[in-house]
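Summary of the model geometry
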Amino acid sequence: MTGAATERLPVAVVGAGLIGIAWAICFARAGYPVRLNDRSDEILAAAREVIAAALSDLAEFDLLAGHAPAEVLARVRPSTDLARCLDGAVHVQECAPETIPDKSALFARMGEMAGPETVLASSTSAFVPSLFTGAVRHRERCLVAHPINPPYLVPLVQLVPAPWTDPAIVARTERLMVAAGQSPIVLQRETDGFVVNRLQGALIHEALRIVDEGVADPGAIDIAIARGLGLRWAFMGPFETMELNAPAGIRDYVERYGGLYRRIIGVEHAEAMWTGRALDRVEADRMTRLDRDRIGERQRWRDRRLMDLVASLKAAEQRTRWPAA
Ligand SMILES: NC(=O)c1ccc[n+]([C@@H]2O[C@H](COP(=O)([O-])OP(=O)(O)OC[C@H]3O[C@@H](n4cnc5c(N)ncnc54)[C@H](O)[C@@H]3O)[C@@H](O)[C@H]2O)c1
(Lines give C-alpha, C1' and ligand atoms only; values in the text may rest on other atoms or scores of the structure.)
Protein backbone atom coordinates (compact mmCIF):
# COMPACT_ATOMS: atom_id res chain seq x y z
CA MET A 1 0.00 0.00 0.00
CA THR A 2 1.51 3.38 -0.91
CA GLY A 3 1.62 6.36 1.48
CA ALA A 4 -0.44 8.47 -0.90
CA ALA A 5 -3.16 5.81 -1.17
CA THR A 6 -3.19 5.35 2.61
CA GLU A 7 -3.72 9.07 3.09
CA ARG A 8 -6.98 9.01 1.15
CA LEU A 9 -8.59 5.96 2.78
CA PRO A 10 -11.11 6.58 5.57
CA VAL A 11 -10.27 6.25 9.24
CA ALA A 12 -12.95 5.35 11.80
CA VAL A 13 -12.88 6.85 15.30
CA VAL A 14 -15.09 4.93 17.72
CA GLY A 15 -16.15 6.91 20.81
CA ALA A 16 -16.60 10.67 20.52
CA GLY A 17 -15.49 11.76 24.00
CA LEU A 18 -12.41 13.79 24.87
CA ILE A 19 -9.92 11.60 22.98
CA GLY A 20 -12.15 10.54 20.09
CA ILE A 21 -12.79 14.20 19.30
CA ALA A 22 -9.07 14.94 19.40
CA TRP A 23 -8.21 12.01 17.11
CA ALA A 24 -10.91 13.09 14.65
CA ILE A 25 -9.25 16.52 14.46
CA CYS A 26 -5.82 14.92 13.91
CA PHE A 27 -6.85 12.64 11.08
CA ALA A 28 -9.13 15.18 9.38
CA ARG A 29 -6.43 17.87 9.49
CA ALA A 30 -4.08 15.41 7.73
CA GLY A 31 -6.63 14.90 4.94
CA TYR A 32 -8.28 11.63 6.02
CA PRO A 33 -12.02 11.20 5.68
CA VAL A 34 -13.08 10.45 9.29
CA ARG A 35 -16.10 8.39 10.36
CA LEU A 36 -16.87 9.36 13.94
CA ASN A 37 -19.00 6.88 15.88
CA ASP A 38 -20.77 7.08 19.24
CA ARG A 39 -23.96 5.80 20.83
CA SER A 40 -26.30 8.74 20.18
CA ASP A 41 -26.89 11.59 17.75
CA GLU A 42 -26.86 14.04 20.69
CA ILE A 43 -23.32 13.00 21.71
CA LEU A 44 -22.17 13.26 18.09
CA ALA A 45 -23.76 16.71 17.64
CA ALA A 46 -22.04 17.95 20.81
CA ALA A 47 -18.73 16.46 19.58
CA ARG A 48 -19.08 18.32 16.29
CA GLU A 49 -19.45 21.61 18.19
CA VAL A 50 -16.28 20.93 20.18
CA ILE A 51 -14.38 20.00 17.00
CA ALA A 52 -15.53 23.21 15.28
CA ALA A 53 -14.34 25.34 18.23
CA ALA A 54 -10.94 23.60 18.35
CA LEU A 55 -10.48 23.97 14.58
CA SER A 56 -11.11 27.68 14.78
CA ASP A 57 -8.51 27.97 17.60
CA LEU A 58 -6.04 25.91 15.53
CA ALA A 59 -6.54 28.16 12.51
CA GLU A 60 -5.87 31.20 14.69
CA PHE A 61 -2.45 29.70 15.58
CA ASP A 62 -1.80 28.65 11.95
CA LEU A 63 -1.85 24.96 12.92
CA LEU A 64 -4.27 23.70 10.26
CA ALA A 65 -1.69 23.25 7.50
CA GLY A 66 -3.26 26.16 5.63
CA HIS A 67 -6.72 24.57 5.43
CA ALA A 68 -9.91 26.39 6.36
CA PRO A 69 -11.65 25.07 9.52
CA ALA A 70 -14.86 24.36 7.54
CA GLU A 71 -12.92 22.27 5.01
CA VAL A 72 -11.41 20.12 7.79
CA LEU A 73 -14.74 19.86 9.64
CA ALA A 74 -16.44 18.62 6.45
CA ARG A 75 -14.13 15.58 6.43
CA VAL A 76 -15.65 14.37 9.74
CA ARG A 77 -18.81 12.30 9.19
CA PRO A 78 -20.58 11.42 12.44
CA SER A 79 -22.73 8.26 12.57
CA THR A 80 -24.21 5.99 15.23
CA ASP A 81 -24.00 3.04 12.79
CA LEU A 82 -20.77 1.23 13.68
CA ALA A 83 -20.84 -1.17 10.71
CA ARG A 84 -21.15 1.76 8.28
CA CYS A 85 -18.28 3.57 9.98
CA LEU A 86 -16.00 0.54 9.68
CA ASP A 87 -16.91 -0.34 6.10
CA GLY A 88 -13.81 0.30 3.95
CA ALA A 89 -11.86 1.95 6.81
CA VAL A 90 -8.09 1.45 6.70
CA HIS A 91 -7.68 2.04 10.43
CA VAL A 92 -10.00 2.14 13.45
CA GLN A 93 -9.04 4.21 16.47
CA GLU A 94 -11.11 2.99 19.43
CA CYS A 95 -11.77 5.64 22.09
CA ALA A 96 -14.45 4.04 24.28
CA PRO A 97 -14.58 4.03 28.10
CA GLU A 98 -11.61 2.61 29.96
CA THR A 99 -12.96 -0.73 31.18
CA ILE A 100 -11.98 -4.25 30.09
CA PRO A 101 -15.62 -5.34 29.47
CA ASP A 102 -16.24 -2.25 27.26
CA LYS A 103 -13.03 -2.75 25.28
CA SER A 104 -13.48 -6.54 24.93
CA ALA A 105 -17.09 -6.28 23.73
CA LEU A 106 -16.30 -3.49 21.28
CA PHE A 107 -13.21 -5.22 19.85
CA ALA A 108 -15.18 -8.46 19.41
CA ARG A 109 -17.90 -6.57 17.48
CA MET A 110 -15.41 -4.58 15.42
CA GLY A 111 -13.51 -7.78 14.59
CA GLU A 112 -16.68 -9.26 13.13
CA MET A 113 -17.71 -6.12 11.24
CA ALA A 114 -14.39 -4.85 9.85
CA GLY A 115 -12.65 -6.34 6.84
CA PRO A 116 -9.60 -8.47 7.77
CA GLU A 117 -7.26 -5.76 6.43
CA THR A 118 -8.58 -3.07 8.77
CA VAL A 119 -6.23 -2.26 11.66
CA LEU A 120 -7.97 -2.14 15.05
CA ALA A 121 -6.12 0.23 17.42
CA SER A 122 -7.11 1.14 20.97
CA SER A 123 -6.40 4.47 22.68
CA THR A 124 -6.38 2.78 26.10
CA SER A 125 -4.16 4.38 28.74
CA ALA A 126 -4.04 1.55 31.23
CA PHE A 127 -4.51 -1.81 29.52
CA VAL A 128 -2.03 -3.84 27.51
CA PRO A 129 -3.66 -5.15 24.29
CA SER A 130 -3.52 -8.86 25.24
CA LEU A 131 -6.09 -8.10 27.99
CA PHE A 132 -8.91 -7.45 25.48
CA THR A 133 -7.93 -8.54 21.95
CA GLY A 134 -7.27 -12.30 22.40
CA ALA A 135 -10.68 -13.44 21.11
CA VAL A 136 -10.98 -10.95 18.23
CA ARG A 137 -11.33 -12.30 14.68
CA HIS A 138 -7.93 -11.76 12.98
CA ARG A 139 -6.44 -10.67 16.28
CA GLU A 140 -3.07 -10.16 14.56
CA ARG A 141 -4.35 -6.71 13.35
CA CYS A 142 -4.99 -5.44 16.91
CA LEU A 143 -2.67 -3.17 18.91
CA VAL A 144 -2.68 -0.17 21.25
CA ALA A 145 -2.02 3.30 19.82
CA HIS A 146 -1.93 5.45 22.94
CA PRO A 147 -2.01 9.24 22.46
CA ILE A 148 -1.17 12.09 24.80
CA ASN A 149 -4.07 14.48 25.21
CA PRO A 150 -4.73 16.28 22.90
CA PRO A 151 -2.98 14.38 20.08
CA TYR A 152 -3.53 17.20 17.56
CA LEU A 153 -1.08 19.24 19.65
CA VAL A 154 1.10 16.63 21.36
CA PRO A 155 2.30 14.30 18.61
CA LEU A 156 3.66 11.33 20.59
CA VAL A 157 1.78 8.04 20.05
CA GLN A 158 2.89 4.84 21.80
CA LEU A 159 2.33 1.76 19.64
CA VAL A 160 2.08 -1.36 21.79
CA PRO A 161 1.70 -4.77 20.11
CA ALA A 162 0.14 -7.82 21.79
CA PRO A 163 2.23 -11.01 21.56
CA TRP A 164 0.08 -11.99 18.52
CA THR A 165 0.19 -8.64 16.68
CA ASP A 166 1.68 -8.95 13.18
CA PRO A 167 4.87 -6.77 12.94
CA ALA A 168 3.65 -5.66 9.49
CA ILE A 169 0.54 -4.19 11.16
CA VAL A 170 2.71 -2.27 13.62
CA ALA A 171 4.80 -0.92 10.73
CA ARG A 172 1.65 0.04 8.80
CA THR A 173 0.24 1.85 11.83
CA GLU A 174 3.54 3.64 12.31
CA ARG A 175 3.39 4.91 8.70
CA LEU A 176 -0.23 5.99 9.07
CA MET A 177 0.56 7.91 12.27
CA VAL A 178 3.49 9.68 10.60
CA ALA A 179 1.21 10.59 7.67
CA ALA A 180 -1.28 11.98 10.22
CA GLY A 181 1.45 14.25 11.64
CA GLN A 182 2.14 12.19 14.77
CA SER A 183 5.47 11.02 16.25
CA PRO A 184 4.98 7.30 16.95
CA ILE A 185 7.29 5.20 19.10
CA VAL A 186 7.10 1.40 18.96
CA LEU A 187 7.38 -0.68 22.12
CA GLN A 188 8.97 -4.08 21.63
CA ARG A 189 6.64 -5.73 24.14
CA GLU A 190 3.76 -5.08 26.53
CA THR A 191 4.47 -3.34 29.84
CA ASP A 192 2.13 -1.73 32.34
CA GLY A 193 2.12 2.07 31.91
CA PHE A 194 3.83 1.78 28.51
CA VAL A 195 6.83 4.17 28.37
CA VAL A 196 5.26 7.52 29.19
CA ASN A 197 3.36 6.59 32.33
CA ARG A 198 6.36 4.70 33.66
CA LEU A 199 8.37 7.91 33.28
CA GLN A 200 5.56 10.13 34.56
CA GLY A 201 4.83 7.75 37.45
CA ALA A 202 8.44 7.96 38.64
CA LEU A 203 8.21 11.76 38.61
CA ILE A 204 4.85 11.89 40.46
CA HIS A 205 6.14 9.35 42.98
CA GLU A 206 9.13 11.54 43.83
CA ALA A 207 7.00 14.75 43.81
CA LEU A 208 4.65 13.26 46.42
CA ARG A 209 7.60 12.20 48.58
CA ILE A 210 9.08 15.70 48.44
CA VAL A 211 5.74 17.16 49.60
CA ASP A 212 5.37 14.55 52.33
CA GLU A 213 8.87 15.16 53.67
CA GLY A 214 8.08 18.90 53.88
CA VAL A 215 10.98 19.72 51.55
CA ALA A 216 8.91 21.94 49.21
CA ASP A 217 5.23 22.71 48.69
CA PRO A 218 3.16 21.50 45.69
CA GLY A 219 3.29 24.90 43.96
CA ALA A 220 7.10 24.86 44.09
CA ILE A 221 7.17 21.45 42.39
CA ASP A 222 4.92 22.67 39.56
CA ILE A 223 7.28 25.65 39.08
CA ALA A 224 10.35 23.34 39.12
CA ILE A 225 8.96 21.48 36.11
CA ALA A 226 7.14 24.28 34.22
CA ARG A 227 9.95 26.85 34.60
CA GLY A 228 12.85 24.43 34.83
CA LEU A 229 13.11 20.93 33.43
CA GLY A 230 10.03 21.26 31.20
CA LEU A 231 11.51 24.05 29.07
CA ARG A 232 14.22 21.73 27.74
CA TRP A 233 11.83 18.79 27.64
CA ALA A 234 9.74 20.64 25.04
CA PHE A 235 12.37 19.71 22.46
CA MET A 236 14.84 17.17 23.93
CA GLY A 237 14.73 14.17 26.24
CA PRO A 238 16.71 13.28 29.39
CA PHE A 239 19.53 11.42 27.62
CA GLU A 240 20.32 14.29 25.25
CA THR A 241 20.02 16.71 28.19
CA MET A 242 22.66 14.67 30.07
CA GLU A 243 24.93 14.54 27.03
CA LEU A 244 24.89 18.33 26.67
CA ASN A 245 25.41 19.02 30.37
CA ALA A 246 28.99 17.65 30.57
CA PRO A 247 31.88 18.72 28.33
CA ALA A 248 32.73 15.19 27.19
CA GLY A 249 29.21 13.80 26.84
CA ILE A 250 27.01 11.30 28.57
CA ARG A 251 29.68 9.11 30.23
CA ASP A 252 31.38 12.24 31.56
CA TYR A 253 27.98 13.34 32.97
CA VAL A 254 27.54 9.99 34.72
CA GLU A 255 31.07 10.14 36.16
CA ARG A 256 30.43 13.64 37.51
CA TYR A 257 26.89 13.23 38.83
CA GLY A 258 26.23 9.48 38.94
CA GLY A 259 27.14 9.28 42.63
CA LEU A 260 24.54 11.93 43.49
CA TYR A 261 21.80 10.13 41.54
CA ARG A 262 22.69 6.76 43.05
CA ARG A 263 22.43 8.28 46.54
CA ILE A 264 18.97 9.72 45.72
CA ILE A 265 17.73 6.54 44.05
CA GLY A 266 18.79 4.53 47.10
CA VAL A 267 16.05 6.24 49.11
CA GLU A 268 13.64 6.80 46.22
CA HIS A 269 12.38 3.23 46.37
CA ALA A 270 10.84 4.00 49.76
CA GLU A 271 7.03 4.08 49.68
CA ALA A 272 5.49 7.32 48.34
CA MET A 273 2.29 8.72 49.78
CA TRP A 274 -0.19 8.14 46.94
CA THR A 275 -2.98 8.62 49.47
CA GLY A 276 -2.97 10.18 52.93
CA ARG A 277 -1.38 13.41 54.02
CA ALA A 278 0.74 14.14 50.92
CA LEU A 279 -2.31 13.86 48.67
CA ASP A 280 -4.36 15.96 51.14
CA ARG A 281 -1.75 18.71 50.92
CA VAL A 282 -1.54 18.63 47.13
CA GLU A 283 -5.33 18.68 46.77
CA ALA A 284 -5.76 21.54 49.24
CA ASP A 285 -3.05 23.51 47.42
CA ARG A 286 -4.67 22.95 44.01
CA MET A 287 -8.08 24.04 45.33
CA THR A 288 -6.66 27.42 46.33
CA ARG A 289 -5.44 27.86 42.75
CA LEU A 290 -8.38 26.61 40.65
CA ASP A 291 -12.12 26.28 41.38
CA ARG A 292 -13.46 22.81 40.51
CA ASP A 293 -16.11 24.29 38.21
CA ARG A 294 -13.46 26.06 36.11
CA ILE A 295 -11.56 22.91 35.06
CA GLY A 296 -13.17 22.88 31.57
CA GLU A 297 -12.28 26.53 31.04
CA ARG A 298 -8.73 25.90 32.22
CA GLN A 299 -8.45 22.89 29.82
CA ARG A 300 -9.36 25.16 26.91
CA TRP A 301 -6.76 27.69 28.13
CA ARG A 302 -4.15 24.90 28.38
CA ASP A 303 -4.88 23.81 24.81
CA ARG A 304 -4.57 27.39 23.50
CA ARG A 305 -1.29 27.79 25.41
CA LEU A 306 -0.09 24.51 23.83
CA MET A 307 -1.10 25.83 20.38
CA ASP A 308 0.98 28.94 21.03
CA LEU A 309 3.92 26.79 22.14
CA VAL A 310 3.65 24.37 19.19
CA ALA A 311 3.47 27.33 16.77
CA SER A 312 6.58 28.86 18.42
CA LEU A 313 8.45 25.55 18.27
CA LYS A 314 7.64 25.25 14.56
CA ALA A 315 8.99 28.75 13.96
CA ALA A 316 12.06 27.98 16.12
CA GLU A 317 12.77 24.87 14.04
CA GLN A 318 13.06 27.14 10.99
CA ARG A 319 15.13 29.85 12.72
CA THR A 320 17.54 27.65 14.70
CA ARG A 321 17.92 24.57 12.57
CA TRP A 322 20.51 21.89 13.41
CA PRO A 323 22.47 21.59 10.13
CA ALA A 324 21.86 18.37 8.21
CA ALA A 325 24.92 16.05 8.06
N1 LIG B 1 -8.61 11.53 28.58
C2 LIG B 1 -7.31 11.39 28.36
O3 LIG B 1 -6.49 12.25 28.70
C4 LIG B 1 -6.82 10.18 27.61
C5 LIG B 1 -5.49 10.19 27.09
C6 LIG B 1 -5.05 9.07 26.35
C7 LIG B 1 -5.89 7.99 26.17
N8 LIG B 1 -7.16 8.01 26.69
C9 LIG B 1 -8.00 6.82 26.47
O10 LIG B 1 -9.00 7.12 25.50
C11 LIG B 1 -10.17 6.35 25.76
C12 LIG B 1 -11.38 7.28 25.85
O13 LIG B 1 -11.15 8.21 26.91
P14 LIG B 1 -11.94 9.59 26.99
O15 LIG B 1 -11.22 10.41 28.01
O16 LIG B 1 -12.14 10.13 25.61
O17 LIG B 1 -13.35 9.09 27.60
P18 LIG B 1 -14.78 9.79 27.46
O19 LIG B 1 -15.60 9.26 28.57
O20 LIG B 1 -14.62 11.27 27.31
O21 LIG B 1 -15.35 9.23 26.06
C22 LIG B 1 -15.80 7.92 25.85
C23 LIG B 1 -16.86 7.97 24.74
O24 LIG B 1 -17.15 6.64 24.31
C25 LIG B 1 -18.54 6.58 24.05
N26 LIG B 1 -18.95 5.17 24.05
C27 LIG B 1 -19.25 4.37 25.10
N28 LIG B 1 -19.55 3.13 24.67
C29 LIG B 1 -19.44 3.15 23.31
C30 LIG B 1 -19.65 2.19 22.28
N31 LIG B 1 -19.99 0.94 22.57
N32 LIG B 1 -19.47 2.57 20.99
C33 LIG B 1 -19.10 3.82 20.69
N34 LIG B 1 -18.90 4.79 21.61
C35 LIG B 1 -19.05 4.45 22.90
C36 LIG B 1 -19.17 7.42 25.15
O37 LIG B 1 -20.49 7.81 24.81
C38 LIG B 1 -18.19 8.59 25.20
O39 LIG B 1 -18.56 9.62 24.30
C40 LIG B 1 -9.90 5.58 27.06
O41 LIG B 1 -9.48 4.28 26.76
C42 LIG B 1 -8.78 6.37 27.70
O43 LIG B 1 -7.94 5.60 28.53
C44 LIG B 1 -7.65 9.08 27.39
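Quick caveat: nothing in here was measured; it's all calculated off a predicted structure.

For the chain, the helix and strand inventory stands at 13 helices and 8 strands. The C-alpha radius of gyration of the chain comes to 22 Å, within 12% of the 20 Å expected for a compact globule of 325 residues. By the burial criterion, 29% of the 325 residues in the chain qualify as buried. Considering only contacts in the chain between residues 6 or more positions apart, those separated by 24 or more positions represent 67%.

The next point concerns the packing of helix H2 (residues 18-29) against helix H3 (residues 41-60). In the contact formed by H2 and H3, the axes pass within 10 Å of each other and the chain directions differ by 50°. Taken as axis vectors, H2 and H3 run oblique relative to one another. Along this stretch, H2 crosses H3, giving a crossing that reads as right-handed. Residues Ile21, Ala24 and Ile25 of H2 form the contact with H3, whose own contacting residues are Ala47, Val50, Ile51, Ala54 and Leu55. Here the contact of H2 with H3 is built from residues that sort into 8 nonpolar, no polar and no charged.

Okay, the domain arrangement of the chain next. In terms of domains, the chain is made up of domain 1 (3-186) and domain 2 (196-289). Inter-centroid distance (C-alpha atoms) of domain 1 to domain 2 is 33 Å.

The subject of this paragraph is helix H13 (residues 295-319). Helix length check: H13 (25 residues) gives 35 Å between terminal C-alpha atoms against 36 Å at 1.5 Å per residue, within 8%. Sparse coverage of H13 is indicated by the burial of 1 of its 25 residues.

The next subject is the site of the ligand. In the region of the ligand, 23 residues are neighbours, and Gly15, Gly17, Ile19, Ser125 and Asn149 sit closest. Mapped by element, the contributors of at least two residues to the shell around the ligand are H2, helix H6 (100-113) and strand E6 (142-147). Of the residues forming the shell around the ligand, the biggest block, 3 residues, is contributed by H2. Partitioning the shell around the ligand into residue classes produces 10 nonpolar, 9 polar and 4 charged.

A separate point is the pairing of strand E2 (residues 34-37). Of the two faces of E2, both are covered, the one formed by Val34 and Leu36 as well as the one formed by Arg35 and Asn37. Looking at chain direction, strand E1 (residues 11-14) and E2 are connected through 4 bridges and run parallel. Its bridge partner being in E2, Ala12 is matched across the sheet by Arg35. As for the winding sense of the linkage, the β-α-β connection from E1 through H2 to E2 is right-handed. In the sheet, E2 pairs with strand E3 (residues 76-79) via 4 bridges, with the strands oriented parallel.

This part is about the sheet that holds E3. Read across the sheet, 8 strands follow the order E3-E2-E1-E4-E5-E6-E7-E8 without closing on themselves; strand pairing throughout is mixed. Edge positions in the sheet fall to E3 and strand E8 (183-186), since each of these pairs with one other strand and no more. Mean inter-strand twist for the sheet, computed between neighbouring axes without regard to direction, equals 25°. Summarising the sheet, strand E4 (residues 91-94) and strand E5 (residues 119-122) pair through 4 bridges and their orientation is parallel. From the neighbouring strand, His91 faces E5, where its bridge partner is Val119. Contacts between H6 and the sheet are confined to E1, E4, E5 and E6, with E5 contributing the most and set at about 165° to the helix.

What follows deals with H2. In this model, H2 (12 residues) spans 17 Å end to end at C-alpha, consistent with the 16 Å of a helix rising 1.5 Å per residue. In terms of burial, H2 is largely enclosed, as 11 of its 12 residues are buried. Regarding H2, the residues found buried are Ile19, Gly20, Ile21, Ala22, Trp23, Ala24, Ile25, Cys26, Phe27, Ala28 and Arg29. Once H2 finishes, Gly31 follows within two positions and takes phi at roughly 100°, a positive value.

Turning our attention to the nonpolar core. If you look at the biggest cluster of nonpolar residues, it comprises 61 residues, and the most contacted ones within it are Ala24, Ile25, Phe27 and Val92. Val92 has contacts with Ala12, Val14, Leu86, Met110, Ala114, Thr118, Val119, Leu120 and Ala121, leaving out every residue within four places of it along the chain.

Mean pLDDT over the chain: 91, with 94% of residues reaching 70 or higher. Between residues 1-7, whose pLDDT stays under 50, and residues either more than four places distant or in other chains, the model counts 10 contacts.

Now for the pairing of E4. Here E4 shows a buried face lined by His91 and Gln93 and a second buried face lined by Val92 and Glu94. The pairing of E1 with E4 spans 4 bridges and is parallel. Within E4, the position partnered with Val11 by the bridge is His91. Remark: the E4/H6/E5 crossover connection has right-handed handedness.

Calculation notes
- Residues numbered from 1 in each chain as written.
- Predicted model: local features only at pLDDT ≥ 70, side-chain atom pairs only at ≥ 80, totals over all residues.
- Helix = DSSP H or I, 4+ residues; strand = E, 2+ residues; numbered from the N terminus.
- Rg over C-alpha atoms; globule rule 2.2 N^0.38 Å.
- Buried ≥ 20, exposed ≤ 12 C-beta atoms within 10 Å, placed from the backbone.
- Contact = placed C-beta atoms within 7 Å.
- Axes fitted to C-alpha atoms, helices over the stretch in contact; angles between N-to-C directions.
- Parallel < 35°, antiparallel > 145°, perpendicular 65-115°, else oblique.
- Left-handed = near helix turned anticlockwise from the far one by under 90°.
- Nonpolar A, V, L, I, M, F, W, Y, C, P; charged D, E, K, R; others polar.
- Domains from an automatic or database assignment.
- Expected span 1.5 Å × (residues − 1).
- Near = placed C-beta within 6 Å.
- Pairing = 2+ DSSP bridges.
- Right-handed = clockwise from strand over helix to strand, strands pointing away.
- Core = buried A, V, L, I, M, F, W, Y, C linked by C-beta atoms within 7 Å.
- pLDDT = per-residue confidence, 0-100.

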